[in-house]
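Topology and contacts: notes
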Amino acid sequence: MNRESALKIVKEQLTEHRYQHTLGVMETALFLANQYGADEKKAELAAIFHDYAKFRPKEEMKKVIIEQNMPECLLDFNSELWHAPVGAFLVQKEVSIQDDEVLDAIRYHTSGRTKMTLLEKVIYLADYIEPGRHFPGVEEVREMAKESLDKALIKSIQNTIFFLMKKGQPVFPTTFHTYNDLIMQSG
Ligand code: DGI
Ligand code: FE
Ligand code: FE
Ligand code: FE
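What you are looking at is a predicted structure, and each value in this text was computed from that prediction instead of being measured.

Here is what the cut-offs are and how they apply
- Residues numbered from 1 in each chain as written.
- Chains lettered and ligands numbered in written order.
- Predicted model: local features only at pLDDT ≥ 70, side-chain atom pairs only at ≥ 80, totals over all residues.
- Near = placed C-beta within 6 Å.
- Nonpolar A, V, L, I, M, F, W, Y, C, P; charged D, E, K, R; others polar.
- Core = buried A, V, L, I, M, F, W, Y, C linked by C-beta atoms within 7 Å.
- Buried ≥ 20, exposed ≤ 12 C-beta atoms within 10 Å, placed from the backbone.
- Helix = DSSP H or I, 4+ residues; strand = E, 2+ residues; numbered from the N terminus.
- Contact = placed C-beta atoms within 7 Å.
- Axes fitted to C-alpha atoms, helices over the stretch in contact; angles between N-to-C directions.
- Parallel < 35°, antiparallel > 145°, perpendicular 65-115°, else oblique.
- Left-handed = near helix turned anticlockwise from the far one by under 90°.

The subject of this paragraph is the site of ligand 1. Within the structure, ligand 1 sits among 18 residues, and Asn78, Glu80, Thr110, Phe172 and Thr175 are positioned closest to it. Considering only residue class, the shell around ligand 1 consists of seven nonpolar, seven polar and four charged.

Written out as structure tokens, the structure is:
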């Protein structure tokens with residue numbers, strides 16, 4: 001699928017603000033893919049569709065998680081986590097994207113996972129550092145991304161965990177598993 005048709009499809013699913021975020025993720029993902037040697041076409045496609053399910057009603061997402069036998073512990077945690085795995089499913093079903101690498105990059109863009117692929121790392125980080133993001137610490141991660149994909153990724157996950165803990169919110173176990181996996185490999 002080319003960029004124009006993909007963008008046209010996703011635009012209908014998103015608010016204008018979220019669409020602008022998506023364009024930022026696309027641009028950043030292409031840049032990172034080029035820098036670190038990931039497949040640029042796949043990075044572009046995964047970036048365009050990464051937040052496809054962001055505005056689906058909670059009830060619809062819940063139904064998909066149960067019917068598709070996704071980890072039901074997702075339902076115990078912040079519903080913000082749901083749009084990533086549900087998005088991978090809906091993009092396959094509704095947009096007919098069949099590439100598993102692209103679908104996994106969408107599926108794991110919020111929590112990460114152990115043994116992340118290069119493409120998954122690119123999408124996770126692009127989502128965090130795209131130019132429209134303005135949260136504290138993002139500039140530091142942008143700088144790190146120029147030197148090391150893994151170091152920048154670790155920092156972004158640390159920031160996310162700190163941010164959740166500061167607000168007294170639960171942290172999804174997979175987020176910790178991702179962090180541990182990257183830290184142990186970086187040794
Ligand atoms: O969809 P985006 O806003 O572009 O970004 P995202 O998909 O990376 O994250 C969506 C939200 O999910 C974000 O506000 C923080 C939250 N989140 C990320 N990791 C965890 C989490 N929430 C909980 N409870 N636990 C996590 O591990
Ligand atoms: Fe997201
Ligand atoms: Fe993210
Ligand atoms: Fe996003």
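Before going further, it helps to spend a moment on the nonpolar core. Counting residues in each nonpolar core, the largest one holds 47 residues, and the members touching the most others are Ala29, Ala46, Val122, Ile123 and Leu125. Among the elements of the structure, helix H2 (16–36), helix H3 (40–49), helix H4 (58–67), helix H5 (83–95), helix H6 (100–107), helix H7 (118–129), helix H8 (138–145) and helix H9 (149–166) are those that each provide at least two residues to this core. Setting aside anything within four residues of it in sequence, one finds Ile123 in contact with Ala29, Ala43, Ala46, Ala47, His50, Ala105 and His109.

Note on placement: Gln20 falls in helix H2. Owing to 14 C-beta atoms within 10 Å, Gln20 belongs among the partly exposed residues under this scheme. As for Gln20 and Asp104, which are separated by 84 residues in sequence, their C-alpha atoms are 23 Å apart.

Below, the discussion takes up the packing of H6 against H7. Contact geometry of H6 with H7 gives a least axis separation of 9 Å together with a crossing angle of 40 degrees. Taken together, the axis directions place H6 and H7 in an arrangement best described as oblique. Judged by the twist between their axes, the crossing of H6 over H7 is right-handed. Here H6 contributes Glu101, Asp104 and Ala105 to the contact with H7, which in turn contributes Leu119, Glu120 and Ile123. Grouping the amino acids of the contact of H6 with H7 by side-chain chemistry returns three nonpolar, no polar and three charged.

Let's shift gears to the packing of H3 against H6. One can describe the packing of H3 onto H6 by two numbers: an axis separation of 9 Å at closest approach and a directional angle of 40 degrees. Taken together, H3 and H6 sit at an angle that is classed as oblique. Between H3 and H6 the crossing geometry is right-handed. Two secondary-structure elements touch here, H3 through Lys42, Leu45, Ala46 and Phe49 and H6 through Glu101, Val102, Ala105 and Ile106.

So, to be careful, I would describe these as geometric facts and stop short of saying anything about function.
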